[in-house]
Amino acid sequence: MCYHIFAFIAGFVLDLLIGDPHFIPHPVRLIGSLISFLDKRLNCDAGYNISKKKLNLIKYKRGMLLAFTVIFATFAISVIIIVAAYSINLYAGVIAEAVMTWQILATKCLRVESMRVYDALRTDGVDAGRRAVSMIVGRDTSVLDAAGVTRAAVETIAENTSDGVIAPMLYTAIGGPVLGFVYKAVNTMDSMLGYKNDKYMYFGRFAARLDDVVNFIPARISAYMMIAAAFIGGRQFDGKNAYRIFKRDRFNHASPNSAQTESVCAGALRVQLAGDAVYFGKLVKKKYIGDGLREIEYDDIKRANRLMYITAFLCELLSVAVMSLVLILL
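Residues numbered from 1 in each chain as written. Predicted model: local features only at pLDDT ≥ 70, side-chain atom pairs only at ≥ 80, totals over all residues. Heavy atoms only, no water.

Caption draft 1: Focus on the overall build of the chain. When helices and strands are tallied, the chain shows 11 helices and 4 strands. Taken over the C-alpha trace, the chain has a radius of gyration of 20 Å; the compact-globule value for 330 residues is 20 Å, and the two agree within 12%. Structurally, the chain occupies a C-alpha span of about 60 × 55 × 35 Å along its principal axes. Burial statistics for the chain: of 330 residues in total, 51% are counted as buried. Sequence-distant contacts, at least 24 apart, represent 71% of the contacts inside the chain between residues at least 6 apart. Summing over all exposed atoms, the chain offers an accessible surface of approximately 16,100 Å²; the carbon and sulfur share of this is 64%. (Helix = DSSP H or I, 4+ residues; strand = E, 2+ residues; numbered from the N terminus. Rg over C-alpha atoms; globule rule 2.2 N^0.38 Å. Buried < 20%, exposed > 50% of the residue type's maximum accessible area, 1.4 Å probe, protein only. Contact = heavy atoms within 4.5 Å. Areas by Shrake-Rupley, 256 points an atom, 1.4 Å probe, with all protein chains shown as cover.)

Below, the structure written as structure tokens:
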């Protein structure tokens with residue numbers, strides 16, 4: 001446990017310092033490649049002369065097969081790496097854990113990608129901002145104005161504070177990099193397959209529901225930590241309003257988890273998020289989150305990142321404290 005704690009801290013520090021350089025191969029990209037490979041071979045209608053209902057059931061079962069295959073492969077490879085490293089010596093094991101923890105977290109990566117939107121808007125205008133934000137959101141960005149681009153970036157930071165930072169941090173604290181990477185595999189499957197369109201409505205349903213399950217508790221922990229961050233983050237945040245909007249709007253999303261941190265962020269910044277969006281050329285009706293006590297502005301991207309960083313530090317401190325307590329009790 002002592003070495004796990006050290007590796008856990010080292011991995012967090014590495015994430016803050018290095019982030020996700022594109023020239024370094026990332027394991028999540030390998031997971032994504034496996035998902036794409038299985039998707040192409042399992043998600044097809046050819047060769048079936050059966051009713052639509054039976055075909056949808058087959059798609060659902062094939063989606064389950066994909067999910068279990070990806071999870072097992074991720075688990076097995078992670079275990080092999082950890083066991084192999086510790087079999088060399090203790091230092092190699094700690095280094096392997098630290099590097100894997102770094103690759104599980106996405107704190108700096110989230111800030112870097114969202115700040116590209118900020119820089120594009122401030123320097124080159126709305127068209128550049130649309131192109132930049134299209135790299136981090138799944139919606140149609142061509143219809144967004146400057147406020148819409150900013151709002152999309154802030155929503156991404158808020159939602160991914162849970163999915164990309166706090167949830168993987170919690171799972172890694174509990175089960176080491178093995179469980180951390182299993183979580184990343186589930187989250188990646190949802191991001192790639194969890195669409196409500198003809199292709200993935202049934203094939204991706206199991207992955208989407210599994211993601212809802214594994215994020216249920218972390219999303220709520222993330223929300224309360226973000227509320228705490230709003231209280232201690234300074235005058236630019238409104239902690240009381242963050243809690244008020246969270247209690248009122250935390251379920252204003254099709255997902256049971258996504259609006260948890262989005263509602264906190266909207267309240268902390270005193271802006272309105274969410275609302276209708278266009279996906280694959282279709283308008284999707286969505287509820288608003290927050291009251292819009294002021295107009296959203298470019299600097300809200302920077303503020304959302306600051307809120308995310310404070311939340312990450314709070315979670316890291318809490319995780320280390322709990323692990324240390326377990327170590328003492330053992």
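Next comes the rest of the description.
Caption draft 2: How the structure looks around the pattern of salt bridges. Taken as a whole, this structure holds 11 salt bridges when the rule is applied. Its salt-bridge partner being R130, residue D127 comes within 2.9 Å of it at the nearest N-O pair. Here D127 pairs with R130, and both are found in helix α6 (residues 126-133), just 3 residues apart, close to one helical turn. Ionic pairing is found between R244 and D291, a salt bridge with its closest N-O pair at 2.6 Å. Taken together, the residues R244 in helix α9 (residues 239-249) and D291 in the loop between β4 (288-289) and α11 (299-329) connect sequence positions 47 residues apart. (Salt bridge = Lys/Arg side-chain N within 4 Å of Asp/Glu carboxyl O.)

Caption draft 3: Looking closely at the packing of helix α5 (residues 107-124) against α6. Running from N to C, α5 and α6 cross one another at 165°; their axes reach a closest spacing of 7 Å. In this view, α5 runs roughly antiparallel relative to α6, as classed from their interaxial angle. For the crossing formed where α5 meets α6, the hand is right-handed. Residues R116, V117, A120, L121 and D124 of α5 form the contact with α6, whose own contacting residues are V126, A128, G129, A132 and V133. Residues of the contact of α5 with α6, tallied by class, amount to 7 nonpolar, 1 polar and 2 charged. (Axes fitted to C-alpha atoms, helices over the stretch in contact; angles between N-to-C directions. Parallel < 35°, antiparallel > 145°, perpendicular 65-115°, else oblique. Left-handed = near helix turned anticlockwise from the far one by under 90°. Nonpolar A, V, L, I, M, F, W, Y, C, P; charged D, E, K, R; others polar.)

Caption draft 4: Focus on the state of the cysteines. By the definition in use, this model includes 0 disulfides. Here C109 stays free of any disulfide, with the sulfur of C265 as its closest cysteine sulfur at 18 Å. Unpaired in this structure, C315 has its nearest cysteine sulfur neighbour in C265, at a distance of 17 Å. (Disulfide = S-S within 2.5 Å.)

Caption draft 5: Local environment of the environment of A7. Within the secondary structure, A7 is located in helix α1 (residues 2-18). Between the C-alpha atoms of A7 and L293, which are 286 residues apart in sequence, the distance is 43 Å. The residues touching A7, leaving out its near neighbours within four places in the chain, are V94, E97, A98 and T101.

Caption draft 6: Fine view of the packing of helix α10 (residues 258-269) against α11. Across the interface, α10 lies against α11 with an axial gap of 11 Å and an inter-helix angle of 120°. Classified by the angle their axes make, α10 and α11 are oblique. The two elements α10 and α11 meet at a crossing, and its hand is right-handed. Every residue of α11 that contacts α10 at C265, A268 and L269 is listed here: D300, R303, A304 and L307. When grouped by side-chain class, the residues that make up the contact of α10 with α11 number 5 nonpolar, no polar and 2 charged.

Caption draft 7: Expanded view of α1. For α1, built from 17 residues, the straight-helix expectation of 24 Å at 1.5 Å per residue is met to within 8% by its first-to-last C-alpha distance of 24 Å. Taken together, the buried residues of α1 touch α4 (90-104), α5, α7 (146-193) and α11. G19, located one to two residues past α1, shows a positive phi value of around 70°. (Expected span 1.5 Å × (residues − 1).)

Caption draft 8: Representation of unusual backbone geometry in the model. Here R270, not a glycine, exhibits a phi torsion of approximately 65°, which is positive. Relative to the assigned elements, R270 resides in the loop between α10 and β1 (273-274). R270 sits in the partly exposed class, given a relative accessible area of 34%. Although it is not a glycine, A274 sits at a positive phi angle of roughly 65°. Positionally, A274 belongs in strand β1. Look at A274 and you get buried, because its relative accessible area is 15%.

Caption draft 9: How the structure looks around the nonpolar core. Counting 57 residues, the largest nonpolar core has V117, V154, C265, I301 and L307 as its most contacted members. For this core, the element with the most residues is α7, which contributes 11 residues. (Core = buried A, V, L, I, M, F, W, Y, C linked by side-chain atoms within 4.5 Å.)

Caption draft 10: The arrangement of the side chain of T261 in detail. Position of T261 relative to the elements: it lies in helix α10. Relative accessible area serves as the criterion here: at 1%, T261 is assigned to the buried category. Ignoring sequence-local partners within four residues, the contact set of T261 consists of A158, E159, S162, A219, S222, A223 and M226.

Caption draft 11: Region of interest: the environment of F246. As for its position among the elements, F246 is in helix α9. Considered as a pair, F246 and A223 are 23 residues apart in the sequence and their alpha carbons are 7.9 Å apart. Setting aside residues up to four positions removed in sequence, F246 forms contacts with A223, Y224, I227, Q260, S263 and V264.

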